[in-house]
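Inside the fold
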Amino acid sequence: NAGVMQNPRHLVRRRGQEARLRCSPMKGHSHVYWYRQLPEEGLKFMVYLQKENIIDESGMPKERFSAEFPKEGPSILRIQQVVRGDSAAYFCASSPQGFYGDTQYFGPGTRLTVL
Amino acid sequence: DQQVKQNSPSLSVQEGRISILNCDYTNSMFDYFLWYKKYPAEGPTFLISISSIKDKNEDGRFTVFLNKSAKHLSLHIVPSQPGDSAVYFCAASAVTGGGNKLTFGTGTQLKVEL
């Protein structure tokens, strides 16, 4: 049973370009969470999605960031017009139910570097 | 505002001894707590969790203790093994209307020496 998959593992972008990060949840999981880890910090929640729905985006920056989890295909975190401060590791996690106490399983992360 | 705090950025113990990692929280709404282990260039791996209705949960070499009145939890690893060397994150969640977002501490780097 494959775990959570993220691609690309490393992404380099120049300032002003767009970054697209993909996450395929574990088989049977329909709940996806995105977290960001800045250097020397813990992971910070960004957004929680179910298929075709954004449930909680309270951790998403108001501008340039968007997320989706379509009916078919992976969840996508999109960052438009990237800036150097967006350089971080972005982790996706999935869970089977999304209930309180439901364990989240993390992918290996995408390390974004903005030049 | 750091709601989950891990005040020790690093910890070094000898193989076979006990490792104790500590975590404090400030948000009284948190009622479910987890520990994750993370190796470099990998995602966090779930270790153990505890609900606020308990004060202890044990799984093999790992035990988590929760002191609600002090808003403090700790992870005990005994005996410690070299493969336990990693960054350990404490995380917390609260019952909400939707989802189960986690609030993480900044991590403690554990080094188990031979």
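In what follows, the accompanying structure is described. Owing to the predicted nature of the structure, the values given are computational and were not obtained by experimental measurement.

Glancing now at the sheet that holds strand β6 (residues 56–59) of chain B. Sheet strands associate in pairs through backbone hydrogen bonding, adopting either a parallel or an antiparallel arrangement. Residue and element names in this part refer to chain B. An order of β1-β3-β8-β7-β6 is seen for the five strands of this open sheet, with the pairing classed as antiparallel. With one partner strand each, in any of the chains shown, β1 (4–5) and β6 form the two edges of the open sheet. Relative to strand β8 (residues 72–77), strand β7 (residues 62–67) runs antiparallel, the two sharing six bridges. Across the sheet, residue Leu-66 finds its bridge partner in β8, namely Leu-73.

This next bit is on the layout of surface pockets. Its volume calculated, the largest pocket comes out at about 380 Å³. Around the largest pocket, the lining comprises 21 residues; the ones closest to its centre are Gln-37 and Glu-41 of chain A together with Lys-38, Val-87 and Phe-89 of chain B. Residue contributions to the lining of the largest pocket peak at three residues, all from strand β9 (residues 86–93) of chain B. In terms of residue class, the lining of the largest pocket is made up of 11 nonpolar, six polar and four charged. Looking at the second largest pocket, its volume works out to about 320 Å³. Mapped onto the lining of the second largest pocket, the elements with two or more residues apiece are β5 (43–50) of chain A together with β10 (103–104) of chain B. Ranked by the residues each element gives to the lining of the second largest pocket, the list is headed by β5 of chain A, at four residues. Looking at the lining of the second largest pocket residue by residue, the classes come out as six nonpolar, five polar and five charged.

All right, on to the interface of chain A and chain B then. Each partner contributes residues to the interface: chain A has 25 residues there, and chain B has 23 residues. Overall, the association of chain A and chain B removes approximately 1800 Å² of surface from exposure, summing both partners, and the carbon and sulfur fraction of that is 56%. When the area that chain A buries against chain B is broken down by residue, the three leading residues are Leu-43, Tyr-100 and Phe-106 of chain A, summing to 32%. Seen at the junction of chain A and chain B, the total is one salt bridge. Where Lys-101 of chain B meets Asp-56 of chain A, a salt bridge forms, and the shortest distance between an N and an O atom there is 3.8 Å. At the junction of chain A and chain B, the tally comes to seven residue pairs in polar contact (both at pLDDT 80 or more). Broken down by secondary-structure element, the contributors of at least two residues to the side of chain A that touches chain B are β4 (31–37), β5 and β6 (53–56) of chain A. Ranked by residue count, the leading element in the side of chain A that touches chain B is β5 of chain A, at four residues. Split by residue class, the side of chain A that touches chain B holds 11 nonpolar, eight polar and six charged.

Reading the values: rules and limits
Residues numbered from 1 in each chain as written. Chains lettered and ligands numbered in written order. Predicted model: local features only at pLDDT ≥ 70, side-chain atom pairs only at ≥ 80, totals over all residues. Heavy atoms only, no water. Pairing = 2+ DSSP bridges. Helix = DSSP H or I, 4+ residues; strand = E, 2+ residues; numbered from the N terminus. 1 Å grid on protein atoms, 1.4 Å probe; cavity = no way out; pocket = protein on both sides within 12 Å on 5 of 7 lines; lining within 4 Å. Points joined across faces, edges and corners; volume = space filled by probe spheres on them. Nonpolar A, V, L, I, M, F, W, Y, C, P; charged D, E, K, R; others polar. Contact = heavy atoms within 4.5 Å. Buried area = accessible area lost by both parts, 1.4 Å probe. Salt bridge = Lys/Arg side-chain N within 4 Å of Asp/Glu carboxyl O. Polar contact = N/O pair within 3.5 Å; in protein donor to acceptor, adjacent residues only side chain to side chain.

Fair warning: the whole summary comes from geometry, so function is off the table for now.
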